[in-house]
Amino acid sequence: ACLVFDIISLFIKNDFFKKALHTGLISVIAVGLLIGYGYWNMNHVVKTDFNVSTNKNVKLDILQISDLHLGQSINPQQLEGYVKKMNQLHKDYVFLTGDIFDEATKKTDMVKACKILSSLKSEKGIYYVYGNHDDQKYGYSRSGNTDIFNHEDIKKELEKNHINVLEDKVIVEG
């Protein structure tokens with residue numbers, strides 16, 4: 001790292017910036033900007049469209065949602081707003097593909113989220129696949145969350161709200 005700073009300082013002519021570089025001020029600013037960008041990116045939901053073609057005579061519009069990290073990135077009220085926007089898309093299927101919840105998600109919020117997600121509109125159903133954070137296996141205690149839940153709690157709430165949990169099963173449509 002020192003070598004990198006020495007090389008950079010060769011190109012900096014201004015004494016103020018050289019001192020800032022050597023005292024670590026520029027590094028602190030760079031880290032702050034990186035954290036700020038990460039926080040902004042975490043809270044900036046992006047809609048991405050993909051077109052997938054096949055030789056089969058089938059046309060499907062699919063809504064795929066992942067990595068919400070409820071409790072960490074968004075709360076149930078924000079989720080409700082996103083669901084209202086997504087319902088305007090009129091999709092055939094909705095797939096919830098993991099990390100909808102995480103270690104910071106409270107059980108009460110998980111229950112609310114399952115009900116909110118069940119209001120997603122689709123012609124052929126809503127399907128859920130577990131992610132690596134969903135059942136809080138990485139340690140809820142580190143997040144300070146004591147209102148915990150497990151794999152079975154998620155499955156029970158999703159199925160109660162008519163969301164199909166795909167767990168070692170295949171569903172054939174058509």
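It should be emphasised that the depicted structure is a prediction, and the values quoted were computed from it without experimental measurement.

Asks: In this structure, what is going on with the nonpolar core? I would like to understand it.
Replies: Across soluble globular proteins, nonpolar side chains show a tendency to be buried alongside one another. Among the nonpolar cores identified, the biggest contains 26 residues, and Ile65, Leu79, Leu96, Phe101, Leu120 and Tyr128 are the most heavily contacted of them. At the level of secondary structure, the elements contributing two or more residues to this core comprise strand E1 (62-65), helix H4 (76-86), strand E2 (93-97), helix H5 (107-117), strand E3 (126-129) and helix H7 (151-160). Per-element accounting of this core gives the leading share, 5 residues, to H5. Excluding anything up to four places from it in sequence, Tyr128 contacts Leu96, Ile100, Phe101, Asp134, Ile154, Leu158, Ile163, Asn164, Val165 and Leu166.

Asks: Got a minute to help me understand the pairing of E3 in this structure?
Replies: For a regular strand, side-chain orientation follows a simple rule: the groups alternate between the two sheet faces. Of the pairings in the sheet, the one linking E2 to E3 comprises 4 bridges and is parallel in character. Looking at E3, one finds that Val94 is bridged to Ile126. Since E2 and E3 lie parallel, the crossover through H5 that links them has a hand, and here it is right-handed. Inspection of the sheet shows E3 paired to strand E4 (residues 164-165) by 2 bridges, in the parallel sense. If you follow Tyr128 over to E4, its bridge partner there is Val165.

Conventions used here
Residues numbered from 1 in each chain as written. Predicted model: local features only at pLDDT ≥ 70, side-chain atom pairs only at ≥ 80, totals over all residues. Heavy atoms only, no water. Core = buried A, V, L, I, M, F, W, Y, C linked by side-chain atoms within 4.5 Å. Buried < 20%, exposed > 50% of the residue type's maximum accessible area, 1.4 Å probe, protein only. Helix = DSSP H or I, 4+ residues; strand = E, 2+ residues; numbered from the N terminus. Contact = heavy atoms within 4.5 Å. Pairing = 2+ DSSP bridges. Right-handed = clockwise from strand over helix to strand, strands pointing away.

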